[in-house]
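Observations on the model geometry
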Amino acid sequence: MKAIIKSLLALAVLAPLPLAPAAAHHSYAMFDMSKTVELKATVTRFKWQNPHAFIEIDVPVKGQTERWAIEMTSPNNLQQSGWKRTSLKPGDKITLYIHPLRNGSKGGSYVGVRLPDGSTLGEVK
Amino acid sequence: MRRTRNILIACAATLALGGLAHAQSGGSSPPEGLAEGQGAGFAKGHYAALDSLPDWGGVWFLNRGGPSTQPKLKGDYQSNWDAWKADVAANNGVEKRNRSNCSPPGMPRIMQLAQYPYEFIFSPGRVTINQEAWMQTRTIWTDGRTHPPLEELDPTYMGHSIGHWEGDTLVVDTIGILDMLPFSNGALHSDKFHVTERIHLNPDNPDVLVNEMVMEDPEALAEPFKATATYRRDRYGVLYEFQCSENNRNPISPDGETVFE
């Protein structure tokens, strides 16, 4: 728990973004939708599959690496806003914006991303 | 030429009868309200009539937003909901679950899901709603059958739905929904729960489909509960596969907590 709090402090906590997914595969109450956190990360895995797409990333924190899991909406919904199965690949260096898990674990709900070429998807700062 | 005409006459006669003489071939009897040889199982010859139905082509995504109202519950249903609400509040807003996130919500919440689109398939005697979520299929019988008596109906996630067209509005009546499934924000219903839906295009925007739902329950609800869902059209969209067990990152712990992996 201590390590988790430390890592959250190391991340910039940004102002809330107006994004509130409604009824889905499960409730979003496990995420703190009032907080948006910026993660500079390297993609280790991108899973494009229902019920939710997932991004797994490595986040460097004070010389160490943390593995984070970021849940997204459904692939079909993501496709509506420009995502594709090939939008991310392992090794991509990205900046992710997420709503963090309330319990402090290394996970969150996707808000937006800046891709290696500088283009963005979703809501970014 | 003459032969063609004879065939046409034979076809017309078949239509009028509802079908050729049909020996019972399977194990099932005609459904409640229909006679032998009638119903959706005798679709041939009735496809042309479908062209008079409204244009619901493409897939439909739920529009988010709109204020959600709270159903007015009765007796134990109210006190159970109060306890549920207190429990959720004590748990950081996270609802505890007694079943997997890989099991669908059932009616009517299956019609109110934001992330996964729907498609409506018309065929003689039925409307089929394919749902990306959990790859669920909902059948609305429009062949004139009635509901079986409630005591003969097996309670299910989707319930038993019959429908008819009033102009361009599909009116659907559903009973027999499992009483373990919350119908709105943790609220439960009895086995007398009854849902009516009026589904139609928005007259001001044909790319919006409207589903006006009214829920009634003599045991659980003090007054009918109304909820309206609207959906936006994606004309070239398709449903994606949904195999929950292949990507289940949210298992349920023995304490009912949704785990995040």
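The structure displayed is predicted, hence computed values, not measured ones.

1. Considering the overall build of chain A
Secondary structure assignment for chain A yields 2 helices and 7 strands. In chain A, the proportion of contacts linking residues at least 24 apart, taken out of those at least 6 apart, comes to 55%.

2. Some details on the overall build of chain B
When helices and strands are tallied, chain B shows 2 helices and 9 strands. Overall, chain B shows an N-to-C arrangement of helices and strands of α-β-α-β-β-β-β-β-β-β-β. Expressed as a percentage of the 261 residues in chain B, the buried residues total 29%. Put simply, 56% of the contacts in chain B that link residues at least 6 apart link residues at least 24 apart.

3. Quick look at the confidence of the model for chain B
Here chain B averages 90 in pLDDT, and 89% of its residues register 70 or above. For this predicted complex, the interface confidence reaches an ipTM of 0.81, while the overall pTM sits at 0.85.

4. Regarding the domain arrangement of chain B
All names here are of chain B. Each domain of chain B was delimited in the assignment, giving domain 1 (2-47) and domain 2 (59-247). Between domain 1 and domain 2, the contact holds 10 residues from the first and 11 residues from the second. Residue composition of the side of domain 1 that touches domain 2, by class: 5 nonpolar, 4 polar and 1 charged.

5. Brief notes about the interface of chain A and chain B
Taken together, the contact between chain A and chain B spans 26 residues of the former and 25 residues of the latter. Going through the elements one at a time, β4 (64-71) and α2 (75-80) of chain A are the ones with two or more residues in the side of chain A that touches chain B. With 3 residues, α2 of chain A is the single largest residue contributor to the side of chain A that touches chain B.

6. A short note on unusual backbone geometry
P51 of chain A follows N50 of chain A through a cis peptide bond whose omega is 5 degrees. Relative to the assigned elements, P51 of chain A resides in the loop between β2 (36-47) and β3 (54-61). A cis amide bond, omega 0 degrees, links M107 of chain B with the succeeding residue P108 of chain B. As for its placement among the helices and strands, P108 of chain B is situated in the loop between α2 (75-90) and β2 (118-123). Even without glycine at this site, K62 of chain A takes up a positive phi of about 50 degrees. Look at K62 of chain A and you get exposed, because 8 C-beta atoms sit within 10 Å. Of note in the backbone geometry, W134 of chain B takes a positive phi value of approximately 55 degrees without being a glycine. If you trace the backbone, W134 of chain B turns up in the loop between β3 (126-131) and β4 (136-141). Note on W134 of chain B: 22 C-beta atoms within 10 Å, which makes it buried.

7. Let's talk about the pairing of strand β9 (residues 225-234) of chain B
Residues and elements named next belong to chain B. Here β9 shows a buried face lined by F225, A227, A229, Y231 and R233 and an unburied face lined by K226, T228, T230, R232 and D234. Here 4 bridges tie strand β1 (residues 59-62) to β9, and the two strands are oriented antiparallel to one another. Residue pairing across strands places F61 opposite R232, the latter belonging to β9. With 8 bridges connecting them, strand β8 (residues 205-216) and β9 associate as antiparallel partners.

8. Things to note about α2 of chain B
One full turn of an α-helix is made of 3.6 residues, so residues set three or four places apart face in the same direction. Between its terminal C-alpha atoms α2 of chain B stretches 23 Å, which fits the 22 Å expected from 16 residues at 1.5 Å a residue. Positive backbone phi, approximately 60 degrees, marks N92 of chain B, located one or two places after α2 of chain B.

9. As for the pairing of β2 of chain A
Residues and elements named next belong to chain A. As defined by bridge partners, β2 adjoins strand β5 (residues 93-100) across 6 bridges and the pair is classed as antiparallel. The residue of β5 that forms the bridge with E38 is Y97. Taken together, the 5 bridges between β2 and β3 define a ladder with antiparallel strand orientation. For K47, the partnering residue across the bridge sits in β3 and is F54. Once β2 ends, the chain turns through 6 residues before running back antiparallel as β3.

10. Description of the environment of D76 of chain B
All names here are of chain B. In this fold, D76 is placed in helix α2. Here D76 falls in the exposed class, since 12 other C-beta atoms lie within 10 Å of it. Distance from D76 to A114, taken between C-alpha atoms, is 30 Å for residues 38 residues apart in sequence.

Quick notes on the rules
- Residues numbered from 1 in each chain as written.
- Chains lettered and ligands numbered in written order.
- Predicted model: local features only at pLDDT ≥ 70, side-chain atom pairs only at ≥ 80, totals over all residues.
- Helix = DSSP H or I, 4+ residues; strand = E, 2+ residues; numbered from the N terminus.
- Contact = placed C-beta atoms within 7 Å.
- Buried ≥ 20, exposed ≤ 12 C-beta atoms within 10 Å, placed from the backbone.
- pLDDT = per-residue confidence, 0-100.
- Domains from an automatic or database assignment.
- Nonpolar A, V, L, I, M, F, W, Y, C, P; charged D, E, K, R; others polar.
- Pairing = 2+ DSSP bridges.
- Expected span 1.5 Å × (residues − 1).

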